[in-house]
Each structure stands twice: as structure tokens, then as C-alpha cells.
2 protein chains.
Amino acid sequence: MKESPGVVDLLGVLAYAELSAYARMTEDATTLAPSLADRAALCELAVTEYAHFRLLRDRLAELGAAPDEAMSPFVAAVDAWHAQTKPADWLQALVKTYVGDGIAHDFYREASRHLDPSIADLVDEVLVDEGRSQFAVERVRAGVEAHPAAGARLALWARRLVGEALSQAQQVASARPELALLLVEADGGQADISRLFAKLTEEHGKRMAAMGL
Amino acid sequence: MKESPGVVDLLGVLAYAELSAYARMTEDATTLAPSLADRAALCELAVTEYAHFRLLRDRLAELGAAPDEAMSPFVAAVDAWHAQTKPADWLQALVKTYVGDGIAHDFYREASRHLDPSIADLVDEVLVDEGRSQFAVERVRAGVEAHPAAGARLALWARRLVGEALSQAQQVASARPELALLLVEADGGQADISRLFAKLTEEHGKRMAAMGL
């Protein structure tokens, strides 16, 4: 089967995003969780991200692509996002988990709408884990109810998370036009990137509401 | 079934050791691995440690113990070991993985010799993963062959790893006599701790030889 030219790019960026999310969530859990049970709950999510990384890497190998080479064009953008969004406390870490996971799921869903059947089953496998970050929502809601002043601060934090993500995504899209075309081609090309970003922003708004922010 | 009084302690210390090993190996992989493939190889081991943590935590819960409470007496000792043995480079990280994993396996094996049948199956499940850190041995051997001067430095490093581990273990053993008795009781009590430690040192020597150190 012939894949669209951006498929290796798509799998590469998602693979590196999952590998990094795993490491950052593990670090946040270890340094910020207020109890061992909370630490384990966030590590559980981190390990799920690692399982997604494994699926994506194996699929790259099946397509005859070197996983390292497929990921490397995206290392700088993903690392930059994490460097600019290092949580300062446990609630920030939970908001980052839920928001970051949500953005990733939006991309998977967008990909499954437009994409190559060759990776549709993989996307389905990843989306099975949808809702695993729900525990983060409940903790954040409870945290904000207990300390209403924290709500405004966390709302700003969430806005920064999504803003930095869209800014990195925009840079990636202009550096990798084939990847960008893959996500929007069914709707008519480059101009529709802004529609895609508007959609992500809308979904983000729903997530904010879910957290009570 | 009635468990020996130290069983909850044993499961608690192993659970926290696995949870920490997972986090530290993930951090070392992310910050020190020379390539994305190496990073993924060490993360793969880290995720296996997490799976062991999950088994131990679930077993604690089945025994009616609160996992957090069972782990908390050992947090300081395990964290101290990691703080004193932070690898400075990739080869140190690999040596730490192999040596640390080896010491843990010696404890599991010692436990399976003396222990309560109630946890024997769990120990077997963990020991199935024996040999997963073999890739570390091969990388270290190759690294030492390429740079013989690194060998002496890594040998000192490995001695420090095991020395710090035994020193923490000794403190844990005197703070938790029931745990210590559990590991040695079949051989006649407290005095045999030194025999156990001698055994661990002997196994450590074999691992050093395997790495060419």
C-alpha cells in the first residue's frame, strides 16, 4: 500500500510527542505529587503514553522508516513546548496532563478523519485510552472549589499551554508542508489550517469548562 | 492465610524501589541517552519496572494493606540512594541500571528462597523479566573496549553503587527488624545478614565481570 507522503511525518511527530509526554509526566509525578497514590495515578497515565509511543514506533518500522529519523525533525518543537510549560505545582501538572492529552487526541481524531486507512487502526487503538486523564479533571475541580483564587491562575496557565502548543504547531506546519497538507487536505489545503486551529481552540474551551476554569 | 509479619514491609520496600527505579531510569534515558533509540531502549526497561510496581501495589491491596503506608517507611532510604548515585553520563546510567536491577533481583531471589508462599508467585512474575537489562551489559562492554580508560572509572562507580545500596539496606534492616528477619530467618536470624550481604557482593562481582569491569 502506498501511504500519503506525510504519513511518516505524522507518525514521527506523534511518536516523539508520546515519548516526551511519558517522560515529563513521570518527572512531574515524581517531583510534584502530594502523595504516593497521586504519584502512581499520574505515572499510570505516563506509562499509557509510552505504550502509544511503542505502537507508533513499531508502525514506523513496519512502513520501512527508521523511527529515530522520523522523530528527529520534531524533537526541537516538542522539547521547546515542554521547556516553556514546566509546571510549578501539582495542579498545574494535572492541568497540563489533561490539556496536553486533549490536544494530542484532537490531532489523532483529525488524523483519523482525513487519513490513510493504513494508520486508522492505530489511531483507534490510541483513542481507546480516551478518558484516562479524567482523574485529572476531578482533582482540578476539587482543587479549584477548595481554593477559588487558584482558578484564575490555572485558567491563565491552561491558556499558555494551548498558546505555546499552537505556536509550535504553526512552526512545524510551515517547516513540514506535507504533514500540514495531510491534516487538512480533505478540506482544501493550507488555508484550512486556521480552521483546524479554531477547532482545537474550541475543544480546548470545552476542556476548560470541564475543569471548572 | 496468615503472612509473616515482615511481608507487608517487604512488598512495600520493593514497590517503592520499583516506582523510583522507573522514574530515575526514565529521567536518565531522557537526559543522557546519546540517541532516540538508546533513549527508547532504557525507557522500555523503566516501563517494566513500573509493571513490577503495579504487581506489588496490587498485592499489598489484596493483603488489606494501604500501599502508600506500606511504602512510606522506605521512601527516605531509596531516595537517598538515588540522590547519592545520580549518573553523570550514559555509561554510568547503564551501569546503574544493570547493577541496580541485579541487586533488586538478588533480593527477590533471596525472598523467594525464604518466603511465604503467598508472594512466591509474584516473585516468579518479576523474575521472568530477568535478563532484560542485558542490553546495558553489551553497551557498557563496547564502551569500555572503545575507551579502556573509562573502565577503571566505571568500576569505581559500580563499587559506589553497591556500597551505597548496602549502607542504605543496613539502615533499613536495623529500623525494620521484622523485614530483616524475613530475609534471613531460615538461616538463623540477625547474624546472617552479613552472610546475605556477602552473597550480594559476590553476585555483584559476577555482574562486574560480565560488563568487563
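Above this text you will find the structure in question.
Owing to the predicted nature of the structure, the values given are computational and were not obtained by experimental measurement.

Caption draft 1: Seen up close, the pattern of salt bridges. Under the defined criterion, the tally for this structure stands at 26 salt bridges over all chains. The shortest N-O distance in the salt bridge between A:Arg57 and A:Asp58 comes to 3.4 Å. On the basis of relative accessible area, A:Asp58 is assigned to the partly exposed category, the value being 36%. A salt bridge links B:Arg153 to B:Asp89, with the shortest nitrogen-to-oxygen separation between them at 3.5 Å. One end of the pair, B:Arg153, is in helix H8 (residues 148-175); the other, B:Asp89, is in the loop between helix H4 (75-84) and helix H5 (90-114), with 64 residues separating them in the sequence. Relative accessible area serves as the criterion here: at 41%, B:Arg153 is assigned to the partly exposed category. Through salt bridges with shared partners, a single ionic network connects A:Glu44, B:Arg54, B:Arg57 and B:Asp58.

Caption draft 2: Local environment of the relation of the copies chain A and chain B. Under the fitted operation, chain A is carried onto chain B by 0.0 Å of movement along the axis and a turn of 180 degrees, and the coordinates agree to an RMSD of 0.0 Å. The operation mapping one copy onto its partner corresponds to a two-fold rotation axis. Here 100% of the contact residues of chain A are again contact residues in chain B; the copies associate through an equivalent surface.

Caption draft 3: Structural context of the nonpolar core. Residues A:Tyr22, A:Val95, B:Tyr22 and B:Val95 are the most contacted members of the largest nonpolar core, which totals 146 residues. What B:Val95 contacts, discounting residues up to four positions off in sequence, is B:Gly100, B:Val140, B:Leu154, B:Trp157, B:Ala158, B:Leu161, B:Met211 and B:Leu213.

Caption draft 4: Expanded view of the interface of chain A and chain B. Contacts between the two partners involve 23 residues from chain A and, on the opposite side, 23 residues from chain B. Between chain A and chain B lies a buried interface of about 1900 Å² when both sides are counted; carbon and sulfur atoms form 60% of it. Connecting chain A to chain B are 4 salt bridges. Between A:Glu44 and B:Arg57 there is a salt bridge whose closest N-O contact spans 3.9 Å. Our count for the chain A to chain B interface comes out at 14 residue pairs in polar contact (both at pLDDT 80 or more). Listed by contribution, the elements that provide at least two residues to the side of chain A that touches chain B are helix H1 (7-32), helix H2 (36-62) and helix H3 (67-71) of chain A. For the side of chain A that touches chain B, the leading source of residues is H2(A), giving 12 residues. When grouped by side-chain class, the residues that make up the side of chain A that touches chain B number 14 nonpolar, 4 polar and 5 charged.

Cut-off values and rules
- Residues numbered from 1 in each chain as written.
- Chains lettered and ligands numbered in written order.
- Predicted model: local features only at pLDDT ≥ 70, side-chain atom pairs only at ≥ 80, totals over all residues.
- Heavy atoms only, no water.
- Salt bridge = Lys/Arg side-chain N within 4 Å of Asp/Glu carboxyl O.
- Buried < 20%, exposed > 50% of the residue type's maximum accessible area, 1.4 Å probe, protein only.
- Helix = DSSP H or I, 4+ residues; strand = E, 2+ residues; numbered from the N terminus.
- Least-squares fit on C-alpha atoms with pLDDT ≥ 70 in both.
- Contact = heavy atoms within 4.5 Å.
- Core = buried A, V, L, I, M, F, W, Y, C linked by side-chain atoms within 4.5 Å.
- Buried area = accessible area lost by both parts, 1.4 Å probe.
- Polar contact = N/O pair within 3.5 Å; in protein donor to acceptor, adjacent residues only side chain to side chain.
- Nonpolar A, V, L, I, M, F, W, Y, C, P; charged D, E, K, R; others polar.

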